[in-house]
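Inside the fold
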Amino acid sequence: IEQLAKYGLQFKDKYLFLNINWYNQFYKDFKCGNNSVLFNGLSSQYVRTYDKQQEVVNLLDKKGFKVYQLDCKEDIRINIHLLNQVTYVLTTDTSSFWIAKALKKDPYVFMTRGRDVLYSPEVQELKLRTRNILKNWRYEMSDITPEEIVEGFIYSIKKRSILI
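Reading the values: rules and limits
Residues numbered from 1 in each chain as written. Predicted model: local features only at pLDDT ≥ 70, side-chain atom pairs only at ≥ 80, totals over all residues. Heavy atoms only, no water. Pairing = 2+ DSSP bridges. Helix = DSSP H or I, 4+ residues; strand = E, 2+ residues; numbered from the N terminus. Contact = heavy atoms within 4.5 Å. Axes fitted to C-alpha atoms, helices over the stretch in contact; angles between N-to-C directions. Buried < 20%, exposed > 50% of the residue type's maximum accessible area, 1.4 Å probe, protein only. Arc of directions from axis to C-beta.

Moving on, we come to the sheet that holds strand β3 (residues 88–91). Strand pairing in a sheet relies on backbone hydrogen bonds, with the paired strands running either antiparallel or parallel. With respect to topology, four strands assemble into an open sheet ordered β2-β1-β3-β4, the strand pairing being parallel. Two strands bound the open sheet, and with one partner strand each, they are β2 (66–68) and β4 (108–109). Taken together, the four bridges between strand β1 (residues 36–40) and β3 define a ladder with parallel strand orientation. Bridging across to β3, V37 finds its partner in Y88. Sitting on the sheet, helix α2 (residues 53–62) touches β1, β2 and β3, and the angle it makes with β1 is about 170 degrees.

Rendered as structure tokens:
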């Protein structure tokens, strides 16, 4: 968006959306139910990679969620169908975040202040157009417990459903 603004161009949200029909030849039915969640704690940026992913998956499972994760060995066009079929997307990665947004989903994100982050938490939320699901911002991913992620996710689901 910032790059477009440098050239005097305006970004419009309608240009962000993916037409899932373009990827029909890569369709796979993941049989996602109402309580399905794609959890992604991986990122190409090490500072955004969450090391306790399996613990989060186990906790979500105990809370009644059917958890899916991206299969990086698969073609991205197959993973796009997974992102499209799940009810919820819970991620720390901006790539899966933006693909979910492009599919007209409203992902749940856990973020950190990070020592390398150039922007304040408020600016990060403004740039991503979402809110951090964590009650308290942390500096490092390793400072976040799996329980905080799951509790923040469930709280955010409930809060959004009240607002709708």
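Now that the structure has been shown, the text picks up again.
To continue, consider helix α5 (residues 121–128). Among all positions in α5, only P121, Q124, E125 and L128 are buried. Relative to the axis of α5, the buried residues are bounded by an arc of 95 degrees and lie together on one face. In this structure, α5 carries E122 and L126 as exposed residues pointing more than 90 degrees from its buried face. The inward-facing, buried residues of α5 contact α4 (94–102).

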